[in-house]
Each structure stands twice: as C-alpha cells, then as structure tokens.
Amino acid sequence: ALPFVRMRAVPPPWPAPIRYPLVLATTALGRIAPGPGYRGWDAAHRHHRSALAQVIASAPHVIVANDWQTLPIAVRAQQETGAAIVADLHEYGPLQFESRAAWMALVAPMIDYHLRAAAPHLAAAMTVNRTIADKYGEEYGIACQVVRNVPAVRCQASLRRTDPRAIRIVHHGNASRERRLDILIEAIARTEQRFSLHLRLIEQDRRELAQLRRLAR
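Residues numbered from 1 in each chain as written. Predicted model: local features only at pLDDT ≥ 70, side-chain atom pairs only at ≥ 80, totals over all residues. Heavy atoms only, no water.

A.B. asks: I'd like to hear about the overall build of the chain, residue by residue, with values.
C.D. replies: Each helix and strand counted, the chain has eight helices and six strands in total. Along the chain, from the amino end to the carboxyl end, the secondary structure elements read α-α-α-β-α-β-α-β-α-β-β-α-β-α. Taken against the 2.2 N^0.38 rule, which gives 17 Å for 217 residues, the C-alpha radius of gyration of the chain at 21 Å runs more than 25% over that of a compact globule. Dimensions of the chain, computed from the C-alpha atoms along their principal axes, are close to 65 × 40 × 40 Å. Total accessible area on the chain is roughly 14,700 Å²; 55% of this is exposed by carbon and sulfur atoms. A distance of 6 Å separates the average location of the 29 positive side-chain charges in the chain from that of its 18 negative side-chain charges. (Helix = DSSP H or I, 4+ residues; strand = E, 2+ residues; numbered from the N terminus. Rg over C-alpha atoms; globule rule 2.2 N^0.38 Å. Areas by Shrake-Rupley, 256 points an atom, 1.4 Å probe, with all protein chains shown as cover. Lys, Arg positive; Asp, Glu negative; His and termini not counted. Charge placed at Lys NZ, Arg CZ, Asp CG, Glu CD.)

A.B. asks: With reference to specific residues and values, describe the pairing of strand β1 (residues 62-66).
C.D. replies: A one-sided burial pattern is seen for β1, the buried positions being I63 and A65 and the unburied ones V62, V64 and N66. In this sheet, strand β2 (residues 84-88) lies alongside β1 in parallel orientation, the contact comprising five bridges. Looking across to β2, one finds that N66 is bridged to D88. (Buried < 20%, exposed > 50% of the residue type's maximum accessible area, 1.4 Å probe, protein only. Pairing = 2+ DSSP bridges.)

A.B. asks: So what's going on with helix α5 (residues 101-118)? Which residues, and what values?
C.D. replies: For α5, spanning 18 residues, the distance from its first C-alpha to its last is 25 Å, which sits close to the expected 26 Å at 1.5 Å a residue. At V107, α5 is deflected by roughly 35°, the largest bend along its length, and proline P109 occurs up to four residues later in sequence. Buried residues belonging to α5 abut α1 (16-32), α2 (34-43), α4 (71-81), β3 (122-127) and α6 (130-140). (Expected span 1.5 Å × (residues − 1). Bend = angle between axes of the 7 residues up to and from the residue. Contact = heavy atoms within 4.5 Å.)

A.B. asks: Run through the packing of α5 against α6, naming residues and quoting values.
C.D. replies: At a closest axis distance of 11 Å, the pairing of α5 and α6 adopts a crossing angle of 80°. If you check the angle between α5 and α6, you find them roughly perpendicular. Across the interface between the two elements, D112, L115 and R116 of α5 pack against Y136, E139 and Y140 of α6. (Axes fitted to C-alpha atoms, helices over the stretch in contact; angles between N-to-C directions. Parallel < 35°, antiparallel > 145°, perpendicular 65-115°, else oblique.)

A.B. asks: Describe the packing of aromatic side chains, naming the residues involved and giving the relevant values.
C.D. replies: Any aromatic ring pair is given by two values, namely how distant the centres are and how the planes are angled relative to each other. Summed over all chains, the structure comprises five aromatic pairs. A centroid spacing of 5.2 Å and a plane angle of 50° characterise the contact between Y38 and Y113, whose relative ring orientation is tilted. With Y38 in helix α2 and Y113 in helix α5, the pair connects residues that are 75 residues apart, well separated along the chain. Exposure remark for Y38: the relative accessible area of 2% places this residue in the buried category. Judged by its relative accessible area of 26%, Y113 falls in the partly exposed class. (Phe/Tyr/Trp six-rings, centres within 6.5 Å; stacked < 30°, edge-to-face > 60°.)

A.B. asks: Report on a nonpolar patch on the surface, specifying residues and quantitative values.
C.D. replies: A cluster of nonpolar side chains, L2, F4, V5 and M7, forms an exposed patch at the surface whose accessible area comes to about 510 Å². Turning to its location among the elements, V5 is positioned in the segment before α1. (Patch = residues over 30% accessible without salt bridge, like charges linked within 9 Å, V, L, I, M, F, W, Y side chains within 5 Å. Salt bridge = Lys/Arg side-chain N within 4 Å of Asp/Glu carboxyl O.)

A.B. asks: How would you summarise the nonpolar core if you had to cite specific residues and measurements?
C.D. replies: With 34 residues, the main nonpolar core has W68, L71, L89, L115, Y136, I142 and C144 as its most contacted residues. Looking at this core, the elements that each hand over two or more residues are α2, α3 (46-57), β1, α4, β2, α5, β3 and α6. If one sorts the elements of this core by residue count, α5 sits on top with seven residues. Aside from chain neighbours lying at most four places away, what touches L71 is A65, A87, L89, H114, L115, A118 and L122. (Core = buried A, V, L, I, M, F, W, Y, C linked by side-chain atoms within 4.5 Å.)

Below, the structure is given as structure tokens:
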C-alpha cells in the first residue's frame, strides 16, 4: 500500500428487497416534489450517508466526485469543508439508459436535478469524449475537459496481415441489453464460415449474459 493513500470503508448498499422500494418511492416523489424526493433518494442509501460523514471528517482540499451519483455528497461536504469539487462524469448520465422507458421516466429526471444543482459548485469536470463534453456544456453549463480511457499515443504493436480465410471479430465490453449484442451474434451467424465472433464480456446483467450464451450456441 502507498503510505500517502488512506482507504476508508463504507457499509454495503441495502439489500435489493429494501433498496429497490426506497429508490422507487423517492424517484416517484421526485417527479412531484423534486427537492424532498431526490434528496430522499440520496439519504435512503446508507453507504452515501457514511461516505458523506467520512469525507467531511477527512477535511479535504479537493473532492473528486465519481460520476453523478456522488455529486450530492460532494456538494454537501463542500458546504462543511470549503473543498473544491472535480466531477468525473463517465457517460452522459441523463441518457445512459434511454431505451428503458421506466428509467427515463423516473431516474433520468433525478440525474438532471442533481447535475443542475451541482453545476454551480464545480471547480472542474471531466468526461470521456468531446461529444459528451459538449453536451454537458450545452445543457448544464459544465465545462468538461476530455480525459480518454486510453492514452493518445501511436500504437507500437506489430501488426500482421489478416488471413482472409479466417477472420476473427472480437468484442470486449459489458453484457448489457442496451448493447444489442444479440444482433451482432445473429449477423455473424449469417456470414460465411471463415468469420468467427469472440465475446469478452463483463457480467453486468447475469440474465442477459445467459441469454447471449444460449443464442451463441
């Protein structure tokens, strides 16, 4: 362990049978009364409450808020400590799961609320590409720097010519329904035998992963 890094534990989230009804109730209330409802969403997560207490106790100079979920914690901690906030916005939060009607009706408005509430408090922000950065600027006035997931350097790997008789297609990422990997599998199944598909997936959705496995067989 690095001597200048201190790790602080927080309790795990509530079990799903407790957490999901709380999230549903607070996001639904937020559509009617955004302030109490969306603040209630944050207070309903015990690991959020613990994180807030520990951030305040550490008396930071800078708080790096890891995606939109931590912005309410960062803003409340800033009120107690005067710390500057840097927002690390991974994706464009309000549209992350835009294909899910219930998510767009309940969760997206809450993300919008938290982003608008936090925007005036940010000293800096970052995201993964220019398109998302521009969107945050247009919608929320947040000036994001672009920090990519890979370094902007020329690849030094040696490349070899693809054998046209055996073309391997590799996909790496989350086993997420929104990615529509079922279409990719079905498309490759209709091609010539010389094409093969190799999926390296992170188990984000267990049922989706099982369905993809069945389809691939």
